[in-house]
Structures are given as structure tokens and as C-alpha cells.
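Below are the chains, spelled out letter by letter.
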Amino acid sequence: MVSIKELPREEYLLKGHAACAGCGPSIALRLLFKALGNKVFLVVPACCTTVIQGPYPYTSFAVPLQNMLFEATGATASGIAAALRIRGLEDITVVGWAGDGGTVDIGIQALSGAAERETNFIYICYDNEAYGNTGLQRSGATPYGAWTTTTPTGKKERKKNMPFIMAAHKIPYVATACPSYPTDFVNKLRKAKEIKGTKYIHVLAPCPTGWRYDSSKTVEIGRLAVQTGIWALYEIENGKFRLNFPSDRLVDKAKRKPIKEYLSMQERFRHLTEAEIEKIQMWIDEDWEYYRKLASSEACV
Amino acid sequence: MSFPKTRKEMPLTPLSLPTVGSMGKTGSWRTFKPVVNYSTCTKCTLCWIYCPDGAITRREDDSPEIDYEYCKGCGICANECPVKAITMEREEE
């Protein structure tokens, strides 16, 4: 386990970037560079990160970065990984860094193809549960009941379980993370870097603009998401499912905080009725029953 | 197969260069400013790791230094400080 003080002081996400105040994805980006250093090549499709870069001819990223079309992150990363291999630059880690829209909706085809080709790269989906930079439309990763501009009365469908879709590709490493737990995220990135093949990390990145809460609560909300169990920190290594700290302590329902605490902090959930909150709580408990069975059995995902 | 060695040999490509303050001095976005009380600070570096803007630098002794030219005033550092050594004060002017 790495401690926060062991992380390097160098910054490769330069200050003065264009993210909103209190941006969750920017914390995750900084942690990415703290974990991997500057020996990375980023592939970024249309998402909030293209905005964070700032206007041409300036960028806030001090690492090589290729902007790409919304749907082509996986395909571009495959090409770049092949080019680096031919040139013998295999100490450089190729990282696909895409938002939830570019992963679970638009980019899933290219990502699925890259995983099937066993491209050697890390794909990170930073999930702010809506299309953030185009003005907050609903995505496949928007949770049940959440307000967005295209679901003004709350989304009626459930969130897509992307980490398990990726685990079904039989890739060597799938993990979830949250920037509120920085050491956990850094450990997972460093672990992924050492593994050959396609690695997928799904990061819950709270978004003050989209989730409608005060910008100072970003880290607190991420922590609550884990403590209430709506977001579990786990990793699937060669099909073997394992819960990570602190989620491994929350298998017992009594240890998890009620989901109402998490929902009531965000204005996007303020129209929810007691019955709907009850339904969300029930789904979380079902998910955890599934996690418990997976973690205690020898079976592979 | 030969590869370009320098940027001049590269085909004409739109390229952005890394710049501190690519969006200008983002400190002007701020309405509340974080102020560190160094006598109660325990140098845990949590504010440094959680700052979305990288506007908090970690000094040699691990105490934080806030860059007011780029701090957007989101308040995460004040909210996360375990000993409440950072307070948010309203900007004058």
C-alpha cells in the first residue's frame, strides 16, 4: 500500500486549466499522473477532459495526448500501442481516458474491439454519470432517478454495469475506484501498469455542476458513495473478484450507511419519493448480496 | 522505415504546447479564498492530494502553499482538512 506522502510532487496537469471549481475528474487526472509519472500517452475522446486541456494552442497537459473522435478511443489506443511497440518504446503506458458517455454508450464498440484484440493499454472511464461538457444529458451510466436535462423528471432506467461488461471480455484486470480514496486508485493504476493486456478501471468522479451540490463537497460525496454502498471498490483479476478497503468491511448491511444520506446531498435526486429511495436501497442490497457470493466463492466472473 | 527525429521533420500537425494557465489566471473565478493557519496544520498533505487544480504546492516540510493566481476557490481543501486549519474567507474587491 502506497501512502499519500510517498507520491511524487511533480505535476503534469498544469494549474490554470479549464475545469469547473471542485471538479472530480481533475482530481482523478492528477492521481493518474502521480501514479504513472509522465511516461504515458493519453488518448482522449470528446469529454470534459478536452475542455480541461484549454483552448488551442495551449494545453494544461504536460504529457503526450491525442484527441480523438467520441467513439474511437479503443481503436486509437490500439494503433498507438502498435506504433510504440514497432518503435521499441514499450516503457510508455498507453492510457485511454474517456468519460462515461464515451465509454458506456458511444465508445463501447471500439473498446470492446480493443479488449478482444488484447491491446496492451489501460482504459480509464471517469464516470460523472451524465454527458457533462455538452450540458448534462442522460447517459447509460446515469443512475436511476437522477435528474438531467434530458430526464427532467428523473431517469427511469438503471445504470449500466460497465465493469462487469468488461470482465466478460476475459481481460486480465478490471477495477473500480474513486478519487476520494487516492491511495486505492494509485495502487490499482500501478498494478494495472505491470499487467500485459487490456486493463479497465472505472472511476466514480463526482461532478458539482452536474450533480448539483456545493463544490467543496466533491470528495465527501465520493466517500459517501462508497460508504453507502452505491459504489463498491473492487477488482477482478483474471476473473477472480475481490473487494478492496473500505468496501470489504461493508458486506454486512448494518455497516453501510443508508442511501438517503448520499441522495439527499445532491439536488439531482431531490424529487425522489420515499418509495423510490426504498427501491434504490433494495437494489444496492441485492448488488451486495451478489458481491458477497462472488467474493466468497472460487467461481470466476 | 525511417521515423522523424525532430518536430521540423514531422508533417504539419496542429499541436498545443503545455502552458501553466492555459485558461488564464483562473484565480479570478474565486469568491471565497482558502487561508491556511500554519500553527494548527499537521502537514498531512490531504489538501494537496485533493486539490483538483494542483494549486496547492507541497513545500519541503510537507506544509501546503496555496497559489492564489490559480486557486478557483472550490473549498475542497477547507472541507477535507481533518484539523480545520484551512478556512474560507470572502474575497474583498
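This text follows the structure it describes.
Every value quoted in this text rests on a predicted model; they were computed, and no experiment measured them. (Residues numbered from 1 in each chain as written. Chains lettered and ligands numbered in written order. Predicted model: local features only at pLDDT ≥ 70, side-chain atom pairs only at ≥ 80, totals over all residues. Heavy atoms only, no water.)

Draft legend 1. Layout of the overall build of chain B. Each helix and strand in chain B was counted, giving 2 helices and 5 strands. Each helix and strand of chain B, placed in order from N terminus to C terminus, yields the pattern β-β-α-β-β-α-β. A globule of 93 residues ought to have a C-alpha radius of gyration of about 12 Å, yet chain B, at 19 Å, is considerably larger. On the principal axes, the C-alpha backbone points of chain B span a range of 60 × 35 × 20 Å. Put simply, chain B has 93 residues, and 42% of those count as buried. Relative to all contacts within chain B whose residues are 6 or more apart in sequence, the contacts with residues 24 or more apart total 63%. Total accessible area computed for chain B in this model is approximately 5700 Å², and 56% of it derives from carbon and sulfur atoms. (Helix = DSSP H or I, 4+ residues; strand = E, 2+ residues; numbered from the N terminus. Rg over C-alpha atoms; globule rule 2.2 N^0.38 Å. Buried < 20%, exposed > 50% of the residue type's maximum accessible area, 1.4 Å probe, protein only. Contact = heavy atoms within 4.5 Å. Areas by Shrake-Rupley, 256 points an atom, 1.4 Å probe, with all protein chains shown as cover.)

Draft legend 2. Structural view of the packing of helix α3 (residues 73-86) of chain A against helix α5 (residues 108-116) of chain A. Residues and elements named next belong to chain A. The contact between α3 and α5 brings their axes to 6 Å, and the two run at 35°. Counting all contacts with α3, which are made through Gly74, Ala75 and Ser78, the residues of α5 involved are Ala110, Leu111 and Ala114. Counted by class, the contact of α3 with α5 contains 4 nonpolar, 2 polar and no charged residues. (Axes fitted to C-alpha atoms, helices over the stretch in contact; angles between N-to-C directions. Nonpolar A, V, L, I, M, F, W, Y, C, P; charged D, E, K, R; others polar.)

Draft legend 3. Looking closely at the nonpolar core. Among the nonpolar cores identified, the biggest contains 54 residues, and Val94, Met166, Tyr200, Tyr234, Phe241, Tyr262 and Leu263 of chain A are the most heavily contacted of them. Element by element, the count of residues in this core is highest for helix α11 (residues 274-296) of chain A, at 7 residues. In terms of nonpolar packing, the next biggest core, distinct from the first, is built from 53 residues, Ala19 and Val44 of chain A together with Ile56 and Ile76 of chain B among them. (Core = buried A, V, L, I, M, F, W, Y, C linked by side-chain atoms within 4.5 Å.)

Draft legend 4. View of the interface of chain B and chain A. At the interface, 39 residues of chain B touch 44 residues of chain A. Around 3400 Å² of area is buried between chain B and chain A when both sides are counted, 55% of it from carbon and sulfur atoms. A per-residue breakdown of the area chain B buries against chain A is headed by Ser22, Ile49 and Tyr50 of chain B, which together make up 18% of the total. Counting every contact that joins chain B to chain A gives 4 salt bridges. The tally of links from chain B across to chain A stands at 25 residue pairs in polar contact (both at pLDDT 80 or more). Mapped onto the side of chain B that touches chain A, the elements with two or more residues apiece are β1 (17-18), α1 (46-50) and α2 (76-80) of chain B. No other element matches the 4 residues that α1 of chain B contributes to the side of chain B that touches chain A. (Buried area = accessible area lost by both parts, 1.4 Å probe. Salt bridge = Lys/Arg side-chain N within 4 Å of Asp/Glu carboxyl O. Polar contact = N/O pair within 3.5 Å; in protein donor to acceptor, adjacent residues only side chain to side chain.)

Draft legend 5. The arrangement of the packing of helix α1 (residues 24-36) of chain A against helix α7 (residues 182-194) of chain A in detail. Residues and elements named next belong to chain A. The geometry of α1 relative to α7 is characterised by a closest axis approach of 9 Å and an angle of 50° between their N-to-C directions. On the basis of the axis angle, α1 is oblique to α7. Where α1 crosses over α7, the handedness of that crossing is right-handed. Contacts between α1 and α7 involve Ala28, Leu31, Leu32, Lys34, Ala35 and Leu36 on the former and, on the latter, Pro182, Phe185, Val186, Leu189, Arg190 and Lys193. Residue composition of the contact of α1 with α7, by class: 9 nonpolar, no polar and 3 charged. (Parallel < 35°, antiparallel > 145°, perpendicular 65-115°, else oblique. Left-handed = near helix turned anticlockwise from the far one by under 90°.)

Draft legend 6. View of the pairing of strand β5 (residues 121-127) of chain A. Residue and element names in this part refer to chain A. Taking burial as the measure, the 7 residues of β5 include 7 buried ones, the bulk of the element. Residues of β5 alternate between two faces, with Phe121, Tyr123, Cys125 and Asp127 on one and Ile122, Ile124 and Tyr126 on the opposite face, all of them buried. The sheet contact formed by strand β4 (residues 93-99) and β5 spans 5 bridges and is parallel. From the neighbouring strand, Ala98 faces β5, where its bridge partner is Cys125. Taken together, the 7 bridges between β5 and strand β7 (residues 198-204) define a ladder with parallel strand orientation. Counted as the bridge partner of Ile122 is Lys199 from β7. (Pairing = 2+ DSSP bridges.)

Draft legend 7. Representation of unusual backbone geometry. Look at the link from Tyr56 of chain A to Pro57 of chain A: it is a cis peptide, with omega at 5°. Topologically, Pro57 of chain A is positioned in the loop between α2 (48-52) and β2 (58-59).

Draft legend 8. Region of interest: the side chain of Asn244 of chain A. Looking at the secondary structure, you find Asn244 of chain A in the loop between β9 (240-243) and α10 (259-264). One polar contact links Asn244 of chain A to Lys188 of chain A, side chain to side chain, over a distance of 3.0 Å.

Draft legend 9. Structural view of the packing of aromatic side chains. Following the criterion strictly, the structure yields 15 aromatic pairs over all chains and no others. Residues Phe241 of chain A and Tyr291 of chain A carry aromatic rings whose centres are separated by 5.6 Å and whose planes lie at 15° to one another, so their mutual orientation is stacked. Note that Phe241 of chain A is positioned in strand β9 and Tyr291 of chain A in helix α11, a separation of 50 residues in sequence. Judged by relative accessible area, Tyr291 of chain A falls into the buried class, the value being 10%. Each ring, one from Trp288 of chain A and one from Tyr291 of chain A, has its centre 5.4 Å from the other, and the planes form 80°; the classification is edge-to-face. One end of the pair is Trp288 of chain A and the other is Tyr291 of chain A, both in helix α11 and 3 residues apart, which spans about a single turn. Of the two residues, Trp288 of chain A and Tyr291 of chain A, neither departs from the other in class, the shared state being buried. Across the ring face of Trp283 of chain A, the terminal group of Arg158 of chain A is positioned such that the distance to the ring centre comes to 4.2 Å. One Lys or Arg, Arg58 of chain B, reaches over the ring of Trp48 of chain B and ends 4.5 Å from the middle of that ring. (Phe/Tyr/Trp six-rings, centres within 6.5 Å; stacked < 30°, edge-to-face > 60°. Lys NZ or Arg CZ within 6 Å of the ring centre and 35° of its normal.)

Coordinates in, geometry out; function isn't part of it.
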